[in-house]
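Okay, here's what each chain looks like letter by letter:
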Amino acid sequence: MALEEICGFSVEASTASHRTIDCDDFGLKRLSKSERSGGIPLRFFLPAPSVRSAPAQRPFPLSHGTTTLGFVFQDGVVAAADTRASAGGLVACPAVSKITPLHSHLVVTSSGSGADCMLWERILSREVRLYQLRHKRRLSIRGTAKLLSFMLHPFKGTDVCVALTLCGWDLGGPQVIYVCSDGSRLQGEVFSVGSGSPYAYGVLDRDLRWNLSGEEAMALAREAVFRATHRDAYSGNSVDLFHITAQGWSRRRREDLREEYYKDMEKKKNK
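Quantities reported herein were computed from a predicted structural model and do not represent experimental measurements.

1. Things to note about the nonpolar core
Turning to step 1, where the next piece is worked out: Among the nonpolar cores identified, the biggest contains 23 residues, and W120, L124, L148, M151, L164, L166 and V179 are the most heavily contacted of them.
Turning to step 2, where the next piece is worked out: For this core, the elements supplying multiple residues, two or more each, are strand 8 (106–112), helix 3 (114–135), helix 4 (141–152), strand 9 (162–170) and strand 10 (173–180).
Turning to step 3, where the next piece is worked out: Setting aside its immediate chain neighbours within four residues, L124 contacts L102, T144, L147, L148 and M151.
Turning to step 4, where the next piece is worked out: In this structure, V78, L212, L220 and A228 belong to the second largest nonpolar core, which totals 20 residues.

Below is the structure:
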């Protein structure tokens with residue numbers, strides 16, 4: 001109690017800053033409890049923006065930037081991202097992991113606010129795992145994207161900044177779905193998100209084909225991130241590459257791209 005008084009912590013404010021979303025918000029109106037979970041209610045617990053506290057004012061604006069991408073081809077899905085975390089003109093961290101595995105057949109690329117992305121990735125990972133335990137099967141990629149969209153929609157218009165791309169494989173085959181913090185949900189064959197995405201799209205639009213081999217697809221994703229990190233100041237350092245197939249995801253060793261441009265120019269001179 002003394003610590004609560006010193007910190008100005010209010011129990012009422014704490015309970016008011018969270019809310020429980022019922023299963024009706026996830027389209028499960030015919031069930032109020034899971035039939036396979038021993039009567040455990042199908043609810044998920046979400047943090048909600050507090051209406052009692054004003055957001056902290058930053059001393060100067062902090063711009064965020066990144067380059068992430070994911071695309072579908074004949075042998076599965078490839079996800080790639082740079083590793084630079086930026087805060088305005090500052091490099092906050094050169095070795096951030098922007099691709100997070102949620103389970104054996106699903107990874108998610110993140111762009112936006114680092115803290116928001118980490119929080120919602122953990123929430124989504126928890127809900128996907130709980131679904132698997134209750135129903136003895138994994139939630140589909142589309143179902144995972146729909147769940148994330150429903151959870152993010154109440155935060156539309158707030159300072160929450162999250163843009164996640166779900167890249168995975170389920171019974172429907174390879175899937176790539178983009179979900180934004182306003183609740184929007186888009187499915188397609190190729191997505192690139194972040195300040196470096198225009199440069200990445202230039203490479204992908206030129207060379208992406210359905211009949212690429214696994215090595216060719218990984219090389220294309222690496223090339224797209226490399227060109228984006230060279231032209232975009234908010235992207236850089238290294239590249240992470242994931243390949244998702246029907247057997248699960250595999251990760252290639254992280255590669256440093258800082259000197260890649262000069263090595264590429266040297267090769268062109270020697271030709």
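2. Points about the pattern of salt bridges
Turning to step 1, where the next piece is worked out: For the structure on display, the rule yields 11 salt bridges.
Turning to step 2, where the next piece is worked out: Notably, a salt bridge pairs D207 with R206, separated by 2.9 Å at the nearest N-O pair.
Turning to step 3, where the next piece is worked out: With a relative accessible area of 28%, D207 lands in the partly exposed category.
Turning to step 4, where the next piece is worked out: Of the charged contacts, one joins E223 and R227 as a salt bridge, the two residues approaching to 2.7 Å between their closest N and O atoms. Of this pair, E223 and R227 both sit in helix 6 (residues 214–231), 4 residues apart, which is roughly one turn of the helix.

3. Overview of the sheet that holds strand 8
Turning to step 1, where the next piece is worked out: A sheet is described by the order of its strands in space; here 5 strands give the open sequence 7-8-9-10-11, paired in antiparallel fashion. Each edge of the sheet is formed by a strand with only one pairing partner; in this case those strands are strand 7 (99–103) and strand 11 (185–188). Here the average twist between neighbouring strands, direction ignored, is 25°.
Turning to step 2, where the next piece is worked out: Of the strand pairs in this sheet, strand 7 and strand 8 are connected by 4 bridges, and their pairing is antiparallel. Its bridge partner lying in strand 8, H103 is registered against L106.
Turning to step 3, where the next piece is worked out: Packed on one face of the sheet, helix 3 meets strand 7, strand 8 and strand 9 and runs near 155° to strand 8.

4. Quick word on the sheet that holds strand 12 (residues 190–193)
Turning to step 1, where the next piece is worked out: Pairing is antiparallel in the open sheet, where 5 strands are placed in the order 12-3-4-13-14. Whereas interior strands pair on both sides, the edge strands pair on one side only; in this sheet they are strand 12 and strand 14 (248–256). Between one strand axis and the next, the sheet turns by 10° as a mean value, whatever way the strands run.
Turning to step 2, where the next piece is worked out: Two strands pair when backbone bridges link them, and strand 3 (residues 68–73) and strand 12 are joined in this way by 4 bridges, in the antiparallel orientation.

5. Focus: the packing of aromatic side chains
Describing an aromatic ring pair means giving the distance of the ring centres and the angle of the ring planes.
Turning to step 1, where the next piece is worked out: Counted by the stated rule, this structure contains 4 aromatic pairs.
Turning to step 2, where the next piece is worked out: Pairing F71 with F73 gives two aromatic rings, centres 6.2 Å apart and planes at 55°, and the pair type is tilted. Residues F71 and F73 agree in their burial class; the two are buried.
Turning to step 3, where the next piece is worked out: For the pair W120 and F155, a centre-to-centre distance of 5.2 Å together with 75° between the ring planes defines the contact as edge-to-face. Highlighted residues: W120 in helix 3 and F155 in the loop between helix 4 and strand 9, separated in sequence by 35 residues.

6. Re helix 4
Turning to step 1, where the next piece is worked out: Taking 1.5 Å as the rise per residue, helix 4 with 12 residues should run 16 Å; its terminal C-alpha atoms sit 17 Å apart, in good agreement.
Turning to step 2, where the next piece is worked out: The buried fraction of helix 4 amounts to 9 of the 12 residues, a majority that puts the element mostly inside the structure.
Turning to step 3, where the next piece is worked out: Considered for burial, the residues of helix 4 that qualify are I141, G143, T144, A145, L147, L148, S149, M151 and L152.

Here is what the cut-offs are and how they apply
- Residues numbered from 1 in each chain as written.
- Predicted model: local features only at pLDDT ≥ 70, side-chain atom pairs only at ≥ 80, totals over all residues.
- Heavy atoms only, no water.
- Core = buried A, V, L, I, M, F, W, Y, C linked by side-chain atoms within 4.5 Å.
- Buried < 20%, exposed > 50% of the residue type's maximum accessible area, 1.4 Å probe, protein only.
- Helix = DSSP H or I, 4+ residues; strand = E, 2+ residues; numbered from the N terminus.
- Contact = heavy atoms within 4.5 Å.
- Salt bridge = Lys/Arg side-chain N within 4 Å of Asp/Glu carboxyl O.
- Pairing = 2+ DSSP bridges.
- Axes fitted to C-alpha atoms, helices over the stretch in contact; angles between N-to-C directions.
- Phe/Tyr/Trp six-rings, centres within 6.5 Å; stacked < 30°, edge-to-face > 60°.
- Expected span 1.5 Å × (residues − 1).

By themselves, these observations are geometric and do not establish any function.
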